[in-house]
Amino acid sequence: MEVAPALSTTQSDITFQRVGTREIDRSSYLGPDYNGDELMQLLSDYYNVEALVKHLQQHPEYKSVTLQFPDDLIKDSSLIIRSLQSRFPEKTIKFWVLADTAYSACCVDEVAAEHVHADLVVHFGDACLNAIQNLPVVYSFGTPFLDIPLAVENFRKAFPDLSSKICLMANAPFSKHLSQLHSILTGDFHYTNIIYSQIDASLAEDGLVTIVDTFPIPEGVNQVGKFGNNNILLQRDGQTESVLPEEYHLFHLTMPQDPRLLYLSTVFQSINIFDPASSGLVSGPFPSLMKRYKYMHVARTAGCIGILVNTLSLRNTRETINELVKLIRSREKKHYLFVVGKPNVAKLANFEDIDIWCILGCSQSGIIVDQFNEFYKPIITPYEMNLALNEDVTWTGKWIVDFKDAIDEIEQTMGEDDTVPASASTDEPEFDVVTGRYTSTSRPLRALTHLELEAANDDDSKQLTARYTASGAVIKGTVSTSATALQNRSWKGLGSDFDSVEVDETGADIEEGISGVARGYGFDRNDAVNKEYK
C-alpha cells in the first residue's frame, strides 16, 4: 500500500533559516567616518530637525503633517518621525510617512497627502522646487558629505586652463558645498572666471513654500543672473554684469536625471560631472537632441496622440492640458488623456492605437527620455508637440520643459483664434518625413466633413451608437481611433467568438462612477454620515 506524498514542507531550522539584522549603510551621505552611537544627532543635523520643529511650533494650525522621503532615504523615516513625535508629546500633531509617492520623488505628492487630509507636506532630499497647486510645503534638503579635496582634484583635471569660463552646479542638497568649492578654486588655485549656482531664497516668499535650510550669500559675492526658475548665479570680485550660461562650461556635482541632463546639454558649451557616489568624472556621452528632432517629425503625421500626465501637483498642469487639447483638435487629430503615476514600458504598451505620447511631467525627473528605445511608441514634450503641429517647422535647438513657457509657445502658434489654417483643411496628400511613405491617417477628424451622419435623438443621448465607414469607426459624431484599431485586429478580446450572433449595438447607458480618494470615496462618506444620524 502506497502512502500519499506530503504536500506541505516540514518547518525545520535547516529549511527555514533566521534572517539576522543587517547594518544599514549611511556612509554615502553622512560620511565614511560617521559614528553609529551618535546616529540620532547626526540625522537631526542632516535633516535640520530643529528648524523644522521651530516652524511647526510657530504654526499651530498644522494638525496633520506628512513626511515625504525619496526611496534612498526612506530608511531614516522611522527615526525622524520618532524624533518629531518626542517633541510634541501632547499629540497635537499627527505625523504620516508617504512610503510610496505617486509621481517623481523630487515633486511634492499632493495626491498622496490628500489621503490623510494633510495640512502640510515636509519634503526631504533633492527637490525640483517647481510651484505646486495649493498645499503648503516645507523643504529640508539635507547636508550630504562631500570629499572637497577629491572634488577639487577632478575639477582641475577637467579644466586645466585657469581662465576658462566655468559654472559650478549641483542638485539641491549638494548646493550647500558650492560656495566653499568656489572659494577654494578662486582663492587657492586662482581660477578667474568661475560662477556658481545657488538655491533662490526668494522662493520662500511664497506663502506656500518654506525652506528650513539656509543658503547665505558670502560677502563680496554678487548675483550675476538666474538659471531656470529656482536657481541664481553668483560670482566673486564685485562683478555685477549679467552673464550668459551659453558662454560657460558646466561642472556638476552629482549625476542629474536624464531630463535635467538633456536640458543642461542644450544650455552649456560642455558638461563634466563629478559624481560623489562613484568618485569619478563623467564627460559623456549624454542624451542627444537628434532623437527629439526625429520624434517631432513622427508627431506631425501621428493620427492619435496620447496626452500622458505624470503629475497633478505642479502648477499650470491643467492649463497646459487645455492648451494642448485645443492645439491637437485644431489640427484635426485625435487625442486621449491618461493620468499615470510613474509610467513604464508595460503600462504604455497596453495602448497600441496611440501613435505618439506627449508627456506632462516634472522637468527634473518626470519626463521620459527613452535613450535605449525601450518604449514601443515615441514620447515627446508639449514644446516639441507644439513645434510638430506648427505649419512652419523651425528647429531652434532649444528644449523647453517649463509648463508656463510651453503654454506661451502654444498660444503664439494658435494666435488670437483657434481656427485651423487654410492649408490644413485641404485634401493634399501627406507623407511621413521619417519613412517617406504616404499616410492617410494623420488627420482622422478631417474625414468628418465628408460624412453625412444622422442626428441622434434626444432620448438616445446617453447611448453610444457606432457606425463603421471607410474612414473608420464613428461614435457619436467623432472618429474613434481606438475602435478602428480594435476593428482591424484579428483577436478582439473575450467574446469575439460571438461576432456572428446578433446583439444590441446601442451599448449601455453611461453612468457616473465613484469619486474621491481611496481612503474615503464619495459613497463611503455618505454612508458614514447616514450611520451617524441614525
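As a reminder, the structure under discussion sits directly above these lines.
Predicted model, so just to flag it, every value in this text is computed and none were measured. (Residues numbered from 1 in each chain as written. Predicted model: local features only at pLDDT ≥ 70, side-chain atom pairs only at ≥ 80, totals over all residues. Heavy atoms only, no water.)

Caption draft 1: Spatial organisation of the packing of helix α2 (residues 39-46) against helix α4 (residues 77-87). Here α2 crosses α4 at 85°, and the two axes come no closer than 11 Å. Taken together, the axes of α2 and α4 lie roughly perpendicular to each other. Only Leu79, Ile80 and Ser83 of α4 make contact with α2, whose side of the interface consists of Leu39, Met40 and Leu43. Class assignment for the residues of the contact of α2 with α4 results in five nonpolar, one polar and no charged. (Axes fitted to C-alpha atoms, helices over the stretch in contact; angles between N-to-C directions. Helix = DSSP H or I, 4+ residues; strand = E, 2+ residues; numbered from the N terminus. Parallel < 35°, antiparallel > 145°, perpendicular 65-115°, else oblique. Contact = heavy atoms within 4.5 Å. Nonpolar A, V, L, I, M, F, W, Y, C, P; charged D, E, K, R; others polar.)

Caption draft 2: Inspection of the nonpolar core at higher detail. Counting residues in hydrophobic clusters, the biggest one holds 31 residues, and the most contacted among them are Ile307, Leu324, Ile356 and Met385. If you list the elements that add at least two residues to this core, you get α9 (290-300), β13 (304-309), α10 (317-330), β15 (356-360), α12 (382-388) and α13 (403-414). Built from parts of two domains, this core gets at least three residues from each of domain 1 (27-140) and domain 3 (289-418). Setting aside residues no more than four positions away along its own chain, Ile307 makes contact with Leu324, Val325, Ile328, His335, Tyr336, Leu337, Phe338, Cys358 and Leu360. By size, the runner-up hydrophobic cluster in this structure holds 27 residues, among which are Leu30, Tyr46, Ile80 and Ile81. (Core = buried A, V, L, I, M, F, W, Y, C linked by side-chain atoms within 4.5 Å. Buried < 20%, exposed > 50% of the residue type's maximum accessible area, 1.4 Å probe, protein only. Domains from an automatic or database assignment.)

Caption draft 3: Summary view of the packing of helix α3 (residues 49-58) against α4. Interaxial distance between α3 and α4 falls to 11 Å at its minimum, and their mutual angle equals 45°. As summarised for this structure, α3 and α4 are arranged oblique, according to the angle between their axes. Both α3 and α4 take part in a crossing whose hand is right-handed. On α4, the residues touching Val49, Glu50, Leu52 and Val53 of α3 are Ile80, Ser83, Leu84 and Arg87. A class-by-class count of the residues in the contact of α3 with α4 yields five nonpolar, one polar and two charged. (Left-handed = near helix turned anticlockwise from the far one by under 90°.)

Caption draft 4: Looking closely at the sheet that holds strand β11 (residues 271-275). Across the sheet, seven strands lie side by side as β8-β9-β6-β5-β10-β11-β12; this open sheet has mixed pairing. This sheet does not close on itself; its edge strands, each paired only once, are β8 (222-227) and β12 (280-282). In this sheet, neighbouring strand axes are inclined to one another by 25° on average, regardless of whether the strands run parallel or antiparallel. Bridge count between β8 and strand β9 (residues 231-235): five bridges; the pairing is antiparallel. Looking across to β9, one finds that Phe227 is bridged to Asn231. Running at roughly 170° to strand β6 (residues 194-199), helix α7 (residues 178-187) makes contact with β5 (166-170), β6 and β10 (249-253) of the sheet. (Pairing = 2+ DSSP bridges.)

Caption draft 5: Inspection of helix α8 (residues 258-265) at higher detail. All of the buried residues along α8 are Pro259, Leu261, Leu262 and Leu264. In this structure, the buried side of α8 is in contact with β5, β8, β10, β11 and α9.

Caption draft 6: Focus on α7. Regarding α7, the residues found buried are Leu178, Ser179, Leu181, His182, Ile184 and Leu185. Here the buried face of α7 lies against α6 (148-158), β5, β6 and β10.

Caption draft 7: The packing of aromatic side chains, seen in detail. Within this structure, the stated rule accounts for 17 aromatic pairs. Aromatic pair Tyr46 and Tyr47: ring centres 4.8 Å apart, planes at 85°, arrangement edge-to-face. Using a relative accessible area of 5% as the deciding quantity, one classes Tyr46 as buried. Owing to a relative accessible area of 0%, Tyr47 belongs among the buried residues under this scheme. Ring geometry for Phe338 and Phe351: centres 4.5 Å apart, planes at 55°, overall tilted. With Phe338 in strand β14 (residues 334-339) and Phe351 in the loop between α11 (345-348) and β15, this pair connects stretches of sequence that are 13 residues apart. Under the relative-accessibility criterion, Phe351 is labelled partly exposed at 31%. Linked through ring pairs, Tyr29, Tyr46, Tyr47, Phe69 and Phe124 together constitute an aromatic cluster. (Phe/Tyr/Trp six-rings, centres within 6.5 Å; stacked < 30°, edge-to-face > 60°.)

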